[in-house]
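Each chain, written out:
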Amino acid sequence: SFHVEFEPASGSLSSKQVLKCKVTYTAKLAGAIDDLYRCRIFGMNMNIGFNLKTISKGVVVGYERVEEGDEIPGPLCPPDAPQFIGDPEDVPQPGVPPKMHVKGDVALFQ
C-alpha cells in the first residue's frame, strides 16, 4: 500500500510552456510497486504518462555491542521529528520483534 501526491494536482498549460511537477511517494508497507499513470491532455489524440516502479523495503536495523569505555552513540534525530507522514489510521502495525540471543552478561541501560 502506498500514497502518491502530485503538485500541482491539476491546471492548464499554455503553448510550449514548461512546468515542473513534484511527485511525493509515501510507502505504507514493504513490497514491489509497478503502477502506470497517464495524463489526459485535451486536444491530443494520445495520453502521456509515466511508470512508477520501485521496491519499498522495511526498516533494516543493525545491532552491535558497545564495549566498556566506548562512547555511546547519539540519536539520529530529535525525538519530536516526524516519523510517519500520513493518516495515523494508515500506520502499519509492527510484527513480533525477532528474539535476540546475546552471549554472556550484558548490562542494560548504562
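Shown above is the structure to which this text applies.
Structure report, in brief. Quantities reported herein were computed from a predicted structural model and do not represent experimental measurements.

**Focus on the side chain of Ser-56**
Relative to the elements of secondary structure, Ser-56 occurs in strand β4 (residues 48-56). A polar contact of 2.4 Å, which involves the side chain of Ser-56, links it to the side chain of Tyr-25. Those residues in contact with Ser-56 that sit more than four places away from it in its chain are Tyr-25, Ala-27, Leu-29, Ala-30, Gly-31 and Ile-33.

**Considering the packing of aromatic side chains**
Enumeration according to the criterion identifies four aromatic pairs in this entry. Between Phe-6 and Phe-50, the ring centres sit 6.1 Å apart and the planes meet at 65°, which makes this aromatic pair edge-to-face. In this pair, Phe-6 is assigned in strand β1 (residues 2-7) and Phe-50 in strand β4, connecting sequence segments 44 residues apart. Given the relative accessible area of 30%, Phe-6 is considered partly exposed. Between the aromatic rings of Tyr-37 and Phe-50, the centroid separation amounts to 5.3 Å while the plane-to-plane angle is 15°, which identifies the pairing as stacked. Residue Tyr-37 is found in strand β3 (residues 31-39), and its partner Phe-50 is found in strand β4; the two are separated by 13 residues along the sequence. The exposure class assigned to Phe-50 is partly exposed, which follows from its relative accessible area of 35%. Chaining the aromatic ring pairs together yields one cluster made of Phe-6, Tyr-37 and Phe-50.

Reading guide: rules and limits
Residues numbered from 1 in each chain as written. Predicted model: local features only at pLDDT ≥ 70, side-chain atom pairs only at ≥ 80, totals over all residues. Heavy atoms only, no water. Helix = DSSP H or I, 4+ residues; strand = E, 2+ residues; numbered from the N terminus. Polar contact = N/O pair within 3.5 Å; in protein donor to acceptor, adjacent residues only side chain to side chain. Contact = heavy atoms within 4.5 Å. Phe/Tyr/Trp six-rings, centres within 6.5 Å; stacked < 30°, edge-to-face > 60°. Buried < 20%, exposed > 50% of the residue type's maximum accessible area, 1.4 Å probe, protein only.

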